[in-house]
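Listed here are the chains, written in short residue letters.
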Amino acid sequence: MSALGQYALLLALAAGTAGLALSVYGIARSLGGARREPGKDVPATAGELSREPVWARYHVRYYGYALLFLAFDMEMAYMYPWAVVYRQEGLVALLDMGVFLAILFLGLLYGWSQGALKRQ
Amino acid sequence: MISGARQGSPAGLRRLFAAAMARDLRAFVVPGAEVARARGLDVEAAGLGMTGVPRHASVLLVVGELPAALRRAAAVVYAQMMRPRAVLAAGAGDLSPLPGADVSVGLSQEELEEGVARLRTAFARGAFAPGAAGFEPEMLRARTEYACPMHPEVVQDEPGACPKCGMELVSREAADGGSGPHHGGDHGGANGDHGHGGHGHGGMGFMSMVEMTKDLPRSSDGLPMEWVEAPFGPLFPGLPGGLFLKLTLDGDTVAEASPSACGWASPGPLTGPADALAERLAGIDPLSPASYRVLALRAVEDAAGAGADERTARARAGALERERAASHLGWLSGFAYLIGHRWLARRAAELQLAVLRAEPAGMPGLRAAARSLARRIERTPLLARRLEGIGALPGGTGASGPVARAAGVRTDARCGEGAYRALGFEPVVREGGDALARLRVRLAEIEESLGLAAAAGSLDIPAPRTATGASGAGAATVETPRGTATLRVALSDGEVVSAELEGPSARHLALVGRVAEQRELADALVGVASLDLSPWETAR
Amino acid sequence: MSALAVLAALLAGAYLVAVLEGWSATGRLRPAGPAVSAAALLGRESVVPRRPDRVLFEAAPLLLLVSAVLAAAVLPLSPRLVVADLATGALFVNAALAYVMVALLMAGWGPDAAYAMVAGWRFLGQLLGYSMPIVMAIAAIAMRAESLRNTEVVASQAALPNALYQPVGFAVFFLAAMCLAFLPPFDLPTAPGELAGGVEAEYAGARLAVMRLGRMVLVVALSAAVTVFYLGGWLGPALPPWAWSAIKTLAVAAAMLLAGRYVPRLREAQVLAWWWKLGIPLALLNIFWVGVVLLVAE
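The sections below set out a description of the structure shown in this document. In this text, all values refer to a predicted model and were calculated from it rather than measured experimentally.

Take the overall build of chain C next. Scanning chain C from terminus to terminus reveals twelve helices and zero strands. The order of helices and strands in chain C, counted from the N terminus, is α-α-α-α-α-α-α-α-α-α-α-α. The principal-axis extents of the C-alpha atoms in chain C amount to approximately 65 × 45 × 35 Å. Burial status across chain C gives 66% buried among its 298 residues. Partitioning the intrachain contacts of chain C with sequence separation of at least 6 by distance along the chain shows that 80% fall at a separation of at least 24.

In structure tokens form, the structure reads like this:
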């Protein structure tokens, strides 16, 4: 079938799976709702009630990796079509992408030497 | 009917689900899996799966008597379990504020298995019941209070206006101490999104991010971020049960750690007739009862002026060493569970139960098993990398036991005892002072202890009644699995007049801050676990 | 219809993988285990934490399940047994699996709970590690097959499976798949000992059942991806094609589940350092190797 037909089928599959999950919720709900009791809806923290919110800026330590990831991610978008036509393009393709990858790899090595590749 | 049944009549589809739930019971063990193992109970073999997440558990398994603080924590966990839920008490006495036990058994494996069978039928019949009662103890109720977003210290019980700046007070739940994500200093918003006052409240005007964060404490990489306070105890699956640990998290780094222990009520067990002192002290710490029993016997004998003969001393040494091996294996199992090494957790638990049940003749076989386990652990890939440098403490911090011996300090109370010298004892000392060194010290001690227990030949604790009508003062020291414990008693006519007990964990508790702070959360927890704290040994 | 047959096979595969996981965790083989556990979960209450982000909290298990099912839908069991044999099948697998990260972050942020929050952000750290090696390995596959269509990827392995043609890429993809499915030793988001359940801690009852089902389907989808990309899919003598696919997929799933029992959990900093300092250079080397071999073996 055509590509559009295939995507429509996948969309229907996604909707169907979500519907299946919701019907499982429905079956469980038919046994009765949850009983509201004090303390039950507080997040479980090992025996002490902690009602404080934790929605705040979270201090991740991997932002060095994240920046390099962005660079490589942009490159991978180009890799997919290149990979498909690689064999018919031959040596030229290898050299073109080789230069691109080498530049990125040098960037990775530079980041490594400057301490980007560690827990900040 | 079980006390935590779901509302509804047990008919049709519900009976099917109840039967399924009866076959798939998961237990949350209070105070902790290590206490259950130390008492000789094999929970998984009894048919209960174990979990450390309250919401995934259907059974609250209470092992042994609990102090009031732990009972309250258990009640909180019980309230957070999903219905249908039940309480299985093994050797526990009064359980308030928890509801009464649905099934009550003694502290033995056969009784536990029989109790689980009874629990299964109770679940199959009573998981859904028309008249289930709610669990609403007073301690769980939430109060609403009203606070000013700009001045968090202004708190009232009714809505109104802030006396300092005139802003309307915002409602929030009464927190048990902290005030939401705070910066450890000035700005403390009730919710994180109130924290930065650049919205024009009360004429603040525009503030740049640099100005707003000027006074905040900075993290180790120079950025000022919100800190969140989260409890990691007392019933946390990876840490010893009874350790009340509150960590202030800066992302996934621990900014501050404040531990406290449940402990035993002083001077409770230390008063009373001297002959029963050993029994009372043995009840303090479920993780090492034999050590405290021997400590009490020796102290009383020293005060009464009677010495113990060589055979008694040898037998006591055998019992102490068996308990040391079992305690280290129990620690190893919990530690392996914390670092996610599942095979090791199960193998160490198996060996611990085998050691606890062994006869003197079985000791050499267990020693060989311990040796092969230690070799296998050394060959585990990535384990050394995982543990190297974690929880590093230099020597001379006042620690004792394996924590000190792992830092190269050659201190061991057993060096000065005749029975041990006769058995050819040498303390195990390693360099490094980090979690890896402590692991190696304990592995070597397991093997050595099993060898000493085999050489001693007897594993019980003879308790001759030397203290009837005796008077005097005396002291004794014992090397418990966690460190050196000292007891000083003064007797008068067979009664204990005054006594002082010092266990090793009090000093180790003070080291938790140094081990955990400024470390990533997983490393901090590994460091705390590597100290092998027993929260039961400290006096409240 | 072949689509329904594939979905039924997916469900059966998820069930068998659940049995395998139970066996690797407890050492006992219980064939009725997952069914009993699922029924037990459905019979329990399911509660929403106080003041959650309701949309995120509810969407997380659904999104996990849907993304895993979509990824499995483009992987063929045999030349005719596939739900949708997209021309960009290999790319679509990666695209669908990217939503696993979104689902876990939702599950981490939604309930406003401390342990879940740490666990969710840790998984993002893991993703920064495994993402690039997975894509680079897929690119090397596509180079040999000259197409992104999964049936052609399998057909290109008629002479030699990719596991032998590009062994480095195989190892990289296998480990990255374990990272994506957060299987031990990469189970940072649901660390049982360290974070008391992590992202799964606040889910109970039916929602937990859907989340666990999603996790099983994810493992099956990734095992099927390893089979299709590296082990030659349905190719093999004697047995019918779908039988070979099933055997290979289950073998890969068993290997993934057993590998983690004997090794401690890797820390987030270790995962990232190993992937970026060793994994990505190896994956780039793999691309270069495949490129040279393809040109030379003309």
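The rest of the description comes next.
When the terminal C-alpha atoms of helix H9 (residues 342–357) of chain B are compared, their 23 Å separation across 16 residues agrees well with the 22 Å that a helix rising 1.5 Å per residue should span. Turning to H9(B), its buried residues number three or more, namely B:Arg342, B:Leu344, B:Ala345, B:Ala348, B:Ala349, B:Leu351, B:Gln352, B:Leu353 and B:Val355. Those residues of H9(B) that are buried lie in contact with helix H2 (33–38), helix H8 (310–339) and helix H10 (363–379) of chain B together with helix H1 (2–26) of chain C.

Quick look at the interface of chain B and chain C now. Contacts between the two partners involve 37 residues from chain B and, on the opposite side, 35 residues from chain C. The set of elements that each furnish at least two residues to the side of chain B that touches chain C consists of helix H1 (13–23), strand S11 (228–231), H8, H9, helix H11 (383–387) and helix H17 (521–530) of chain B. With six residues, H1(B) is the largest single contributor of residues to the side of chain B that touches chain C. By residue class, the composition of the side of chain B that touches chain C is 22 nonpolar, six polar and nine charged.

So, on to the interface of chain C and chain A. A common way to express how large an interface is: the accessible area buried when the components associate. With 53 residues of chain C in contact, the opposing surface of chain A contributes 51 residues. Where the side of chain C that touches chain A is concerned, the elements lending two or more residues are helix H3 (54–73), helix H5 (114–145), helix H10 (205–230) and helix H12 (268–296) of chain C. Per-element tally for the side of chain C that touches chain A: the top contributor is H5(C), with eleven residues. Here the residues of the side of chain C that touches chain A are counted per class, giving 40 nonpolar, seven polar and six charged.

What follows concerns the packing of helix H4 (residues 89–109) of chain C against H5(C). A pair of packed helices can be characterised by two numbers: the angle between their axes and the separation between those axes. At a minimum axis distance of 9 Å, the contact between H4(C) and H5(C) shows a crossing angle of 175°. One element, H4(C), and the other, H5(C), form an angle in the roughly antiparallel class.

What follows concerns the nonpolar core. Membership of the largest hydrophobic core comes to 320 residues, with the highest contact counts inside it found for B:Leu60, B:Leu61, B:Val62 and C:Val217. With 23 residues, the single largest contributor to this core is H5(C). Residues in contact with B:Leu61, not counting those within four places in the same chain, are B:Ala27, B:Phe28, B:Val29, B:Val30, B:Val43, B:Leu48, B:Leu88 and B:Ala90.

How each quantity is defined
Along each chain, residues carry numbers from 1 onward, in the same order as the chain's sequence is written. Chains and ligands are labelled sequentially in the order written, the chains with letters from A and the ligands with numbers from 1. Whole-chain, interface and lining totals are the exception, using all residues; otherwise, since this is a predicted model, local features are given only for residues with pLDDT of at least 70 and side-chain atom pairs are given and counted only at 80 or more. To qualify as a helix, a DSSP run of H or I must reach at least 4 residues; to qualify as a strand, a run of E must reach at least 2; elements of each kind are numbered from the N terminus. Partly exposed residues are those whose C-beta has more than 12 but fewer than 20 other C-beta atoms within 10 Å; with 20 or more the residue is buried, with 12 or fewer it is exposed, and the C-beta atoms are placed from the backbone. The contact criterion used is a C-beta to C-beta distance within 7 Å, with each C-beta placed from the backbone. Expected span of a helix: the number of residues minus one, times 1.5 Å. Under the scheme applied here, ten amino acids are nonpolar (Ala, Val, Leu, Ile, Met, Phe, Trp, Tyr, Cys and Pro), four are charged (Asp, Glu, Lys and Arg), and all others, including Gly, are polar. A fitted line through C-alpha atoms serves as each axis, taken over the contacting stretch for helices, and the angle formed by two N-to-C directions is quoted from 0 to 180°. Put simply, angles under 35 degrees are roughly parallel, angles over 145 are roughly antiparallel, angles from 65 to 115 are roughly perpendicular, and the rest are oblique. In plain words, the nonpolar core is the set of buried Ala, Val, Leu, Ile, Met, Phe, Trp, Tyr and Cys residues that C-beta atoms within 7 Å link up.

Honestly, it's all geometry; don't read function into it.
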